[in-house]
Amino acid sequence: MFESLIGLVAIIALFVIISRQQSRIGLVERELGALRSLVLSGAVPPMAKPSEQIAPADVIPAVAAAADIPSPATSEPVAAPEPAMEAEAPIGEVVSGPWAQSEAAPKAAEPAEPAAAARAARQSDVETALGTRWAVWVGGIALALGGLFLIRYTIEAGIFGPGVRLTMAGVLGLALVAGGELIRRTGFKVPVQGIAGAYIPAILTAAGAFILFGTVYAAHGIYDFIGPALAFTLLGAIGVATIAAALVHGQALAGIGLIGAMVTPVLVASRAPNPWALFGYLAIVLAATGVIARMRDWKSLMAAAFFGTGVWTILYMTDAPGANLSAILFIDAVTLAVLALVWLARRGDETGPARAFDWPSIVPGLFVAFSALGLSVDPTFAAAGDALPGAVVIAAMVAVAFYRPLALPLLYAAGLVTVLIHLGIIPPTSIASDFSGGALGVDGLPVATSNVLTLRIGIALGLVFICAGFWAARRFAAGTQIRAASWAAWGVIVPLVILLALWFTFGNLDRDFVYAAVAALLVVVFASGGEWIARGEEPPLAGGIAVSFALGGAAIAGLLLMHMAFDSGWTTILLGAAAIVPALATRWRSYPVLGWISVGAVMAVLGRVAFDPTIVGAEFLSTTPVFNWLLPGYGVPALAFGFAAWQLARTTPALPIAGNGRPRLVMEAAAALFVLLTLAMLVRHAMHGGVIDTGAMTLAEQAIYTLIAIGAGAILVAIDMRSPSSVLRYGSMVAGVASVAFIVVRHFVVLNPLLSDESTGQVPVFNLLFLAYLLPAVAVGGLALYTRDKRPKWYAQMLAVVAAVLAFAYATLSVRRLFKGEFIGLWSGLGQLETYTYSALWLVIGVALLTAGVWLKSQVLRIASAALISIAVLKVFIFDMSELEGVLRALSFIGLGAVLIGIGLFYQRLLTRAAKET
């Protein structure tokens, strides 16, 4: 069935080709006659026809010969010569394969009829596809399958013996290869642009190689005529030869040969496999492919060769007990050598800005790094002491990346594998781990056991990454920023991870001065390295990404230093104080990263206080009010952040929003936040008897927090008036809104003594109501007055309303306390005199608010007075009428009427005065 289908397709294609070519030849002959007549007469054709743009190979020499005939001289001069035709396409050039640059399409004048030209182009495309590409592809497949079908037929029919059949198949394969070479050498041309993908010599050679592969495999796997050694050698030789033939036949043929070469070890099985034979063979294939791919710059072919070699290496390593370490190291070395000495050899753009890395290098980087990871973490390899060879492979990857800058992916792969290895040695109490069959694992991956060798390997690899990283970063600082940043980043990341892992594994987590000294050394090395890199920048001392990584690494090393050398309390204090150092450094260097390092110190301190708000632990915190670890633990960072913000404001005044200005704004916000935290934590500590993490919050404690927030808002406004800052402006408003939220939610609802029945104290005036309602009312009212012309109108009006409501609450609750005593819960009921007193009090407060609103020219206060008086009116007519009796009911209505009439007279007088003034 399949053979019939191939024959049908071939017949149809042949018929179409013949019919098209007959009409095409007739058209070309007519056009050639017209062109010859024009050349002999000396006239220039006004326009080239689409059919003249492409001519068969056998006609082009005739055109060239006609063009060489001199035209007869003319007696009349040409006044306005017409534009000459574009030069014709190069003729007579032999195209040897699809890798060659495509010939330029012959240029011709624009056709007079675009529609006709479009039809001709479409016809040409269909004709080209049918006659030049499809026919060749189908023919090549038919030849390859025909050889296999011939062998199958002879087997089924029993015409020839196995030896004759294999010989015939081999002869057919060799004949196809020879035919392809013969056609190429006898001047095969590609006169039509765009058909290089159907290059006939390459198709014939591929079909022949396919048949030869099948023949050798059948001789070994089916008939057992040849042994595994000879079959292995023959198949490998065919694969390598096919790859070599790609130099003249194109990349597609090289891909066929590479696939055949890589599957050869699967096709040829052996009872006693020899790893050296396997990897020696793979080394030859990889080297040959590298040479050919380098000559033609075939990136996909090179990546495929690295991929095949890497897959074979990993498959071999899965048989860990029987794996040969020398063979693994050999193939890794060959892979790196082919990459560095063959594929990336003498590339002129290694140091230029055109490319940061070579993408085929990603493949060997991943596979070689994975083999190094296996040698280091697999229990079998680790028990055999193969972690040291794994570290050597990692160092070799770094060396290749340093030697060949385009091999940058090797640096990333080596750095990532080193980080994974050393994170895996951390004890299970430090990272999420599993125990499976008695072996430590992280996400199912067995990890290496920590020992003295691991310690020494970590130190050695750390030094390798530091030296190579900073040296390369300095080398590329003035050129490719991505390379410089990559080297600097891994030059600090790997040593820091190694130091952290070794400290968790071998050090004392409470206090370890040895590792602290190493961390201090890293601080000096990274800071000095960053300065060294900056001096190599163009322009110098610009503080680019590489410098930022180096100085950031120094900051992280300093963080580790403090955790290793000091206890919890001193670590928090020193971390806060450390924010001053990079801020001061901006006096001498304008590196953008310096301000962000100060911000990093803020993040570190916030993390510590969130983890342990007591600074030193609840059991070690003194119960002495104010003078305990909370004061320096929160106060010193607040002062340090404020100083850092001030210093950054002096050294970066021109960039308030962008660049270095943003760290300054963050430091200002951090300073304000830690001032509030200092006061709040001290208050809570004092009000809970020295314990700040237990006990429910009381109204008195909440009142102090509210007063702190109000005061912070006022302080931020005052500072903003002297030194304008968006952080201070919006921070002051946030503090004001937060204080209002505290008042509404906690003062009026959650902690209200009417609802909680909390004791208000035994002192008549200076009691809980004074602290929780009157003082906040005065504070919020004063802040509303202070911010009237300094903040948005809605903000001041909000504060004024809250102040009025607080004053109203204080007066109302004070009346309640006057009648009920220390406990004023609602469930104790209401007396008639108490009810009348509320009405009178609310009317008095309403009049007072009206007076204050008129005096201060505040519409908000006047509206608040109207609302309060309206509430009083409703209370009198609804509640007092039904609840009060006798003289109290009369007095309630009399007082209400008098107040309302007085208010009416007051407003009439105001309106009359306003009318007279206008």
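Residues numbered from 1 in each chain as written. Predicted model: local features only at pLDDT ≥ 70, side-chain atom pairs only at ≥ 80, totals over all residues. Heavy atoms only, no water.

S.K.: Can you tell me about the environment of Phe 279, naming the residues and giving the values?
M.R.: Mapped onto the elements, Phe 279 comes out in helix α8 (residues 275-296). Among the residues examined, Phe 279 registers a relative accessible area of 0% and is labelled buried. For the pair formed by Phe 279 and Ile 331, sequence separation is 52 residues and the distance between their alpha carbons is 6.1 Å. With residues up to four places along the chain from it excluded, the contact list for Phe 279 reads Trp 312, Thr 313, Tyr 316, Ala 327, Phe 330 and Ile 331. (Helix = DSSP H or I, 4+ residues; strand = E, 2+ residues; numbered from the N terminus. Buried < 20%, exposed > 50% of the residue type's maximum accessible area, 1.4 Å probe, protein only. Contact = heavy atoms within 4.5 Å.)

S.K.: Please provide a residue-by-residue account of the pattern of salt bridges, values included.
M.R.: Going through the model one piece at a time under the given rule, you end up with six salt bridges. Between Arg 535 and Glu 531 there is a salt bridge whose closest N-O contact spans 3.3 Å. Taken together, the residues Arg 535 and Glu 531, both in helix α17 (residues 513-535) and four residues apart, mark about one turn of the helix. A relative accessible area of 49% places Arg 535 in the partly exposed class. A salt bridge links Arg 664 to Glu 668; its shortest N-O distance comes to 3.0 Å. On the criterion of helical spacing, the pair formed by Arg 664 and Glu 668 is a turn pair, its members being four residues apart in helix α23 (residues 661-687). (Salt bridge = Lys/Arg side-chain N within 4 Å of Asp/Glu carboxyl O.)

S.K.: Describe the packing of aromatic side chains, and please don't skip the residues or the numbers.
M.R.: A full pass over the atoms with the stated rule returns 15 aromatic pairs. With a centroid separation of 5.2 Å and 85° between ring planes, the pair formed by Phe 279 and Tyr 316 is classed as edge-to-face. Here Tyr 316 lies in helix α9 (residues 299-317) and Phe 279 lies in helix α8, a separation of 37 residues in the sequence. Like Phe 279, the residue Tyr 316 is buried in the burial classification. With centroids separated by 5.1 Å and ring planes inclined at 75°, the aromatic side chains of Phe 766 and Phe 770 adopt a geometry described as edge-to-face. Here the aromatic cluster, defined as three or more aromatic residues joined through ring pairs, consists of Tyr 634, Phe 641 and Phe 674. Over the ring of Phe 402 we find Arg 475; its NZ or CZ atom is 5.5 Å from the centre of that ring. We note Lys 790 situated over the ring of Tyr 786; from NZ or CZ to the ring centre the distance is 4.4 Å. (Phe/Tyr/Trp six-rings, centres within 6.5 Å; stacked < 30°, edge-to-face > 60°. Lys NZ or Arg CZ within 6 Å of the ring centre and 35° of its normal.)

S.K.: Break down α23 for me, with residues and values.
M.R.: The end-to-end C-alpha distance of α23 is 40 Å, a good match for the 39 Å that 27 residues give at a rise of 1.5 Å each. One or two positions beyond α23, positive phi appears at Gly 689, with a value near 65°. (Expected span 1.5 Å × (residues − 1).)

S.K.: A description of the environment of Leu 856 should follow, citing residues and the corresponding values.
M.R.: Along the chain, the position of Leu 856 falls in helix α29 (residues 832-856). Separated by 71 residues in the primary sequence, Leu 856 and Leu 785 have C-alpha atoms spaced 9.3 Å apart. Discounting chain neighbours no more than four positions away, the residues touching Leu 856 are Leu 785, Arg 788 and Leu 861.

S.K.: Which residues make up the nonpolar core, and what values do they have?
M.R.: In terms of nonpolar packing, the biggest core is built from 107 residues, with Trp 487 and Phe 526 touching the most fellow members. No other element matches helix α16 (residues 481-506), which puts 13 residues into this core. The contact partners of Trp 487, leaving out residues within four places of it in the chain, are Val 398, Ala 401, Phe 402, Leu 408, Leu 411, Ala 468, Gly 469, Ala 472, Ala 473 and Phe 476. Counting residues in hydrophobic clusters, the runner-up holds 29 residues, among them Leu 769, Leu 783, Leu 806 and Ile 824. (Core = buried A, V, L, I, M, F, W, Y, C linked by side-chain atoms within 4.5 Å.)

S.K.: An account of a nonpolar patch on the surface is requested, with residue identities and associated values reported.
M.R.: Taken together, the side chains of Val 744, Val 745, Val 749, Val 750, Leu 755, Leu 826 and Trp 827 present a nonpolar region at the surface, about 670 Å² in accessible area. Mapped onto the secondary structure, Val 745 falls in helix α25 (residues 726-750). (Patch = residues over 30% accessible without salt bridge, like charges linked within 9 Å, V, L, I, M, F, W, Y side chains within 5 Å. Areas by Shrake-Rupley, 256 points an atom, 1.4 Å probe, with all protein chains shown as cover.)

S.K.: Any details on α8? Residues and values, ideally.
M.R.: The terminal C-alpha atoms of α8, which comprises 22 residues, lie 31 Å apart, in line with the 32 Å expected from a rise of 1.5 Å per residue. Taken together, the buried positions of α8 are occupied by Pro 275, Leu 278, Phe 279, Tyr 281, Leu 282, Ala 283, Val 285, Leu 286, Thr 289, Gly 290, Ile 292 and Ala 293. Directly beyond the C-terminal end of α8, a positive phi value near 55° is found at Asp 297.

S.K.: Before we move on, could you go through the packing of α9 against helix α10 (residues 325-343) and cite the residues and values that matter?
M.R.: Direction vectors running N to C along α9 and α10 enclose 170°, while the axes themselves pass 10 Å from each other. The orientation of α9 relative to α10 falls into the category roughly antiparallel. Of the residues in α10, those touching α9 at Lys 299, Met 302, Phe 306, Thr 309, Thr 313, Tyr 316 and Met 317 are Ile 328, Ile 331, Asp 332, Thr 335, Val 338, Leu 339 and Trp 343. Partitioning the contact of α9 with α10 into residue classes produces nine nonpolar, three polar and two charged. (Axes fitted to C-alpha atoms, helices over the stretch in contact; angles between N-to-C directions. Parallel < 35°, antiparallel > 145°, perpendicular 65-115°, else oblique. Nonpolar A, V, L, I, M, F, W, Y, C, P; charged D, E, K, R; others polar.)

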